[in-house]
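# Chain and residue survey
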Amino acid sequence: MDTQIATVGSSTYESIKRDIIFGQLEPGAKLKLQELKGRYHASVTTLRETLSRLASEGFVHAEDQKGFSVSPISKEDLLEVADIRRLLECSALSKSIDNGDDDWEGRVVAAHHKLQIVEQKMLAGDHSDRELWKKYDLGFHNTLIQACNSKLVLSLHNTILDKYFRYQMIIMIFRGEKAIQEHKALLDATLKRDKKTALNVLEDHIRLGVADALPYFD
């Protein structure tokens, strides 16, 4: 029974977080427990625990006596999230380039291949599977830093990437050939163990993605 309860809680958590990231639960929207109970087929207790967990991660805002709401988006928050991502990912990539073995290189190549397939479909105008795009984009960046050998960094990076991808899914359009070229340049520099170039490409990749989003807030 305990395992079943944990499974339901995990499923509810993943479903609500996914709907926040993809904008199905809009920024600022009130999260009414009775409505969520029907939508996610979860108990009020499970929902309270889930929303409290998401609040601790910054996806949900909790107020005493006022309940829960989806965390808003803002220019300031995007810039902060992007800066934290840059710091974490660049540091972890640097360590991964130093530590990574042949198996790690193989995983990086495989992750890039999956992402490239989805990107080429999107470049051709097929934007029907944004969730798969997000999965493989996040997967590529996560794999790049796996050899940093820090579970804490990997966990923090995964959370901050989810926050960053929330902006990408809600307001950042697919950047087309530019993003494809940046990912390929990042792959090539990493495999060559050219740390300076890889870090420069990664920083530009994050900076340019944010620059494309900023007009949304004007």
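Above this text is the structure in question.
Residues numbered from 1 in each chain as written. Predicted model: local features only at pLDDT ≥ 70, side-chain atom pairs only at ≥ 80, totals over all residues. Heavy atoms only, no water.

On to the sheet that holds strand 1 (residues 30-31), then. Spatially, the three strands line up as an open sheet ordered 1-3-2, and their pairing is antiparallel. Two strands bound the open sheet, and with one partner strand each, they are strand 1 and strand 2 (60-63). With four bridges connecting them, strand 2 and strand 3 (residues 67-70) associate as antiparallel partners. Note on strand 3: the bridge partner recorded for His 61 is Ser 69. (Pairing = 2+ DSSP bridges. Helix = DSSP H or I, 4+ residues; strand = E, 2+ residues; numbered from the N terminus.)

Following the criterion strictly, the structure yields 15 salt bridges and no others. The partner of Glu 203 in a salt bridge is Arg 86, and the shortest N-O contact between them spans 3.8 Å. Taken together, the residues Glu 203 in helix 9 (residues 195-213) and Arg 86 in helix 4 (residues 75-99) connect sequence positions 117 residues apart. What you see here is one network of salt bridges that share partners, running through Arg 175, Lys 178, Glu 182 and Asp 212. (Salt bridge = Lys/Arg side-chain N within 4 Å of Asp/Glu carboxyl O.)

Over its 20 residues, helix 7 (residues 151-170) runs 29 Å from end to end, which matches the ideal 28 Å to within 8%, given 1.5 Å per residue. Within the sequence span of helix 7, burial applies to His 157, Ile 160, Leu 161, Asp 162, Tyr 164, Phe 165, Arg 166, Tyr 167, Gln 168 and Met 169. (Expected span 1.5 Å × (residues − 1). Buried < 20%, exposed > 50% of the residue type's maximum accessible area, 1.4 Å probe, protein only.)

In this section: unusual backbone geometry. Positive phi outside glycine occurs at Asn 149, with the angle close to 65°. Tracing the backbone shows Asn 149 in the loop between helix 6 (130-144) and helix 7. Non-glycine residue Arg 193 carries a positive phi angle of around 60°. Structurally, Arg 193 is set in the loop between helix 8 (177-191) and helix 9.

What follows is about the side chain of Lys 134. Structurally, Lys 134 can be placed in helix 6. Among residues more than four places away in sequence, those in contact with Lys 134 are Ile 21, Phe 22, Asp 162, Phe 165 and Met 169. (Contact = heavy atoms within 4.5 Å.)

Our next topic: helix 9. When the terminal C-alpha atoms of helix 9 are compared, their 28 Å separation across 19 residues agrees well with the 27 Å that a helix rising 1.5 Å per residue should span. All of the buried residues along helix 9 are Ala 198, Leu 199, Val 201, Leu 202, His 205, Ile 206, Gly 209, Val 210 and Ala 213. Mapping the buried residues of helix 9 onto a view down its axis gives an arc of 165°, with all of them on the same face. Packing partners of the buried residues in helix 9 comprise helix 4, helix 6, helix 7 and helix 8. (Arc of directions from axis to C-beta.)

So yeah, pure geometry; function would need other evidence.
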